[in-house]
Amino acid sequence: MSEPIRPVSDHADRTRWDIQGLRAFAVLAVVIYHLWPNRVPGGFVGVDVFFVVSGYLITGHLLREQVRSGRIALAAFWARRAKRLLPGAALTLLATGTAVLVLVPSTLWGQYGRELIASTVYLQNWQLASDAVDYLASDNDPSPFQHFWSLSVEEQFYIALPVLLVVLAAVRRHARSGSRSASPVHTARLLLGTVVVLSLVWCVVETRTAPGIAYFSTATRAWEFALGGLAATLRTVPRAATPRGNGADRLRSGGAWLGVVMLVTALWTISPTTPYPGTAALLPVVGAGLVVLLGGSSGLTVLGRWAPVAALGRISYAVYLWHWPAVVLLPIVTGHPLGTRSKVVILVGSIALAALTTRFVEEPLRFSARVSALRPRRVALWGIASTLLVVALGASTLGALEVQQTQAAAYQRSLETGDVPCFGAAAGVGTADPCSDARLADVRVPAPAAAGTDDANRPACWSNTTPDLAVCRLGPATGYTKHIAAIGDSHNNALISAYAAIARERNWRIDVAGHIGCYLTTAEQQAPSDAYTASCNGWKQAALAWVRDHPDLDALVVTHAATKSPVIVPAGSTNDATVVDGLVGAWRNATDAGVPVIAIRDNPVAGNDTLDCLGRMTGPTTDVCDSPRAAALAAFDGSAEAVARLGHRAALVDLTDRYCTATTCPAVVGGVVVHRDPTHLTATFARTLAPSLGSALADALRTLGR
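The structure displayed is predicted, hence computed values, not measured ones.

1. Details of the overall build of the protein chain
Then, in step 1: The secondary structure content of the protein chain amounts to 28 helices and 11 strands.
Then, in step 2: Taking all 706 residues of the protein chain together, 52% fall into the buried category.
Then, in step 3: Accessible surface, the protein chain as shown: approximately 30,600 Å² in total, 60% of it carbon and sulfur.

2. Considerations on unusual backbone geometry
Then, in step 1: Following Y276, the chain continues to P277 via a peptide bond in cis, the omega torsion being 10°.
Then, in step 2: Following the sequence through the fold, P277 ends up in the loop between helix 10 (246–269) and helix 11 (282–294).
Then, in step 3: Put simply, V445 and P446 share a cis peptide bond, and its omega is -5°.
Then, in step 4: Structurally, P446 can be placed in the loop between helix 17 (376–417) and helix 18 (448–451).
Then, in step 5: Phi is positive for Y122, which is not a glycine, with a value near 55°.
Then, in step 6: Within the secondary structure layout, Y122 lies in the loop between helix 4 (109–120) and helix 5 (124–132).

3. A few points about the pattern of salt bridges
Then, in step 1: Within this structure, the stated rule accounts for 15 salt bridges.
Then, in step 2: Its salt-bridge partner being D581, residue R645 comes within 3.2 Å of it at the nearest N-O pair. Taken together, the residues R645 in helix 25 (residues 639–646) and D581 in helix 22 (residues 575–591) connect sequence positions 64 residues apart.
Then, in step 3: When salt bridges that share partners are traced, they join D48, R221 and E224 into one network.

4. Looking at the packing of aromatic side chains
Then, in step 1: Following the criterion strictly, the structure yields 12 aromatic pairs and no others.
Then, in step 2: Both rings, one in Y33 and one in F44, keep their centres 5.4 Å apart while their planes meet at 70°; by these two values the pair is edge-to-face. With Y33 in helix 1 (residues 17–35) and F44 in the loop between helix 1 and helix 2 (46–69), this pair connects stretches of sequence that are 11 residues apart.
Then, in step 3: On the basis of relative accessibility, which here comes to 8%, the residue F44 falls in the buried class.
Then, in step 4: Ring geometry for Y215 against Y276: centres 6.4 Å apart, planes inclined by 50°, an arrangement best described as tilted. On the criterion of sequence distance, the pair formed by Y215 in helix 8 (residues 211–216) and Y276 in the loop between helix 10 and helix 11 is long-range, its members being 61 residues apart.
Then, in step 5: Look at Y276 and you get buried, because its relative accessible area is 6%.
Then, in step 6: Of the aromatic side chains, those joined through ring pairs into one cluster are Y33, F44, F51, W149, F157, Y158, Y215, F216, F225 and Y276.
Then, in step 7: The lysine or arginine in question, R81, covers the ring of Y158, its NZ or CZ lying 5.4 Å from the ring centre.

5. A look at the nonpolar core
Then, in step 1: Ranked by internal contacts, the top residues of the largest apolar core, which has 95 residues, are L22, V104, Y112, W149, L161, Y276 and V292.
Then, in step 2: With 50 residues, the next largest nonpolar core counts A425, C461, A486 and A686 among its residues.

6. Side note on the packing of helix 1 against helix 11
A packed helix pair is summarised by two numbers, namely the angle formed by the two axes and the spacing between the axes.
Then, in step 1: It is at 8 Å that the axes of helix 1 and helix 11 come closest, and there the two elements cross at 155°. Judged on the interaxial angle alone, helix 11 and helix 1 are roughly antiparallel. Between helix 1 and helix 11 lies a crossing of left-handed hand. For the pair formed by helix 1 and helix 11, the contact residues are D18, I19 and L22 on the first element and A288, V291 and V292 on the second.
Then, in step 2: Across the contact of helix 1 with helix 11, the residue classes tally to five nonpolar, no polar and one charged.

7. Focus: the state of the cysteines
Then, in step 1: This model, assessed by the stated rule, comprises five disulfides.
Then, in step 2: Note that C518 is cross-linked by a disulfide to C536, the S-S spacing being 2.0 Å. One disulfide, between C518 and C536, carries an S-S torsion of 90° and so falls in the right-handed class. With a gap of 18 residues between them, C518 in the loop between strand 4 (508–515) and helix 21 (530–548) and C536 in helix 21 connect regions that are remote in the sequence. No difference in accessibility class separates C518 from C536, as the two residues are buried.
Then, in step 3: There is a disulfide in this structure between C613 and C625, and the S-S distance comes to 2.0 Å. Across the S-S bond linking C613 and C625, the dihedral sits near -85°, which makes this disulfide left-handed. Taken together, the residues C613 in helix 23 (residues 610–616) and C625 in the loop between helix 23 and strand 7 (627–628) connect sequence positions 12 residues apart.
Then, in step 4: Cysteine pairing for the protein chain (bonded cysteines numbered in sequence order): 1-2, 3-4, 5-6, 7-8, 9-10.

Cut-offs used in this document
- Residues numbered from 1 in each chain as written.
- Predicted model: local features only at pLDDT ≥ 70, side-chain atom pairs only at ≥ 80, totals over all residues.
- Heavy atoms only, no water.
- Helix = DSSP H or I, 4+ residues; strand = E, 2+ residues; numbered from the N terminus.
- Buried < 20%, exposed > 50% of the residue type's maximum accessible area, 1.4 Å probe, protein only.
- Areas by Shrake-Rupley, 256 points an atom, 1.4 Å probe, with all protein chains shown as cover.
- Salt bridge = Lys/Arg side-chain N within 4 Å of Asp/Glu carboxyl O.
- Phe/Tyr/Trp six-rings, centres within 6.5 Å; stacked < 30°, edge-to-face > 60°.
- Lys NZ or Arg CZ within 6 Å of the ring centre and 35° of its normal.
- Core = buried A, V, L, I, M, F, W, Y, C linked by side-chain atoms within 4.5 Å.
- Axes fitted to C-alpha atoms, helices over the stretch in contact; angles between N-to-C directions.
- Parallel < 35°, antiparallel > 145°, perpendicular 65-115°, else oblique.
- Left-handed = near helix turned anticlockwise from the far one by under 90°.
- Contact = heavy atoms within 4.5 Å.
- Nonpolar A, V, L, I, M, F, W, Y, C, P; charged D, E, K, R; others polar.
- Disulfide = S-S within 2.5 Å.

Structure, rendered in structure tokens:
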């Protein structure tokens, strides 16, 4: 992804053809990994190869200038970088950003718009690192701009390295007082060696403690550039100072081919499950370092000069730019995962588009005499203008999303407070007398792009991954007519907006407590780790103890996700029996303390792409995004069977007729988007359930004699 070396003349070809071959290897590894990850599980190490090559070439360029003239012209250096990198990057970003606005559902505009802007200003790696530790963003789908993370790291290196070399040169001149000072090459070795040690140590530590950040962080990747830079300091030494002869040449050639073996080995010994970069990155990075240091005197030159390899190396930067947007956008456009035919189309199309970009955009600008004559200040102005243009495109994506969400929110407020009796669950789509209002025909609130964050849960009601019980109170502290507790997993807390409305409108006190993936059952739930299991079990014990300590409760309300955290079935039992036995065993802690149980049947689930489907929809809502009832309610809930086992001490609330008709479970009911993800309700729809849920709870309490 760095600047290729061109021959200085027809008679003195100084092109590092081995490095061109290394570029071809790197980009082909990355592209094949993105298209056929099972074939080359470690293909992503091609990015590390690019980092080493960039470190080698840029360090060598800067040191040659510093040795020759005694200084580094920062403005001229950055102007050359801009002429090399900006044309292709700006073209790709503009084309991809336009495609996002035209082809991508609005549910993805927020993420894509942010990443487009971050990529344009070369901060994409930090955007992705931030998302990696953000609970709400950690499950983001890959964006068509995600690959700009590596270009962002490179740009940050291009800024930091020359500045550090200039600063060290100034310090060296200032410290010179008649004594002989270190040469620029020796100073660079000290700097780069320090970076290698510190960055590599931090890389190993961060990979173990925060792998999401480690993968994208500049601090954990700096050693890869610095190692390539160290190789450049060794090749900067004059040839006369380097041993020559057949033995030395064979040693160099053997070292270069050893580097090739390390690179090829990395493709199949490293995989997405390998903690990375960490110590595993030493294999491809050291391998690439050996090639750039020793490959110029080996048979790799012949291989790199071979026309197909040389051509791919020449256009490698553009291939890297174009292939990933196609990988992300094509399935969105077609509505189907990539198949073999479409993958081949992407591979061939990316190479063809890259060749055109290189031939007609990049090289004409880079090697134009007119462009070369531009002063750095003028290049900077053109760079700023192109950056602002792309940023404006990203801002327009976010702006369009904001307008859509603002309009939907305003409409939602007017509907909730106005006289629209069929809004949301009030439509009663599965009842004997469903309600319909023509005003809701093309209403979809919250906006599909905002539905994913339409969650009324709050920290005071939520024990995320700790065994500590967090209980929040909804409704009055005193003077209430009923006191109930609602305890369960995230599906329980997804109903908080309904519980809050019921408490307010009926003068009830409702205490709410939830834990991620954990609910009241004596069955052992499947969990991702032993620590998670311990947290869940501790929380269950605390919740049941809390219920026993509150015998004044009129009822314990329970619900759980039927499709999450399945139970572990002991030998000789079945899944359904284990589910029911676990519920009954836990609920008896309440009924034995004199507190009856009201179980709410779990809500139906939606398809994985429901929000994206709604994001594409314009005009009146159709059934294209709906789910078949049989699929949406396929999971075994067990609540009805457990209630039957407990008899008069328990009651069931089943609101399925508020979600589903006899055949389908609509994605939009009464103008309200039902789900914020495949299994959780939007807070807006949950709020519209309040009248139905409140009435059902009141009926259940009367049945239970409360």
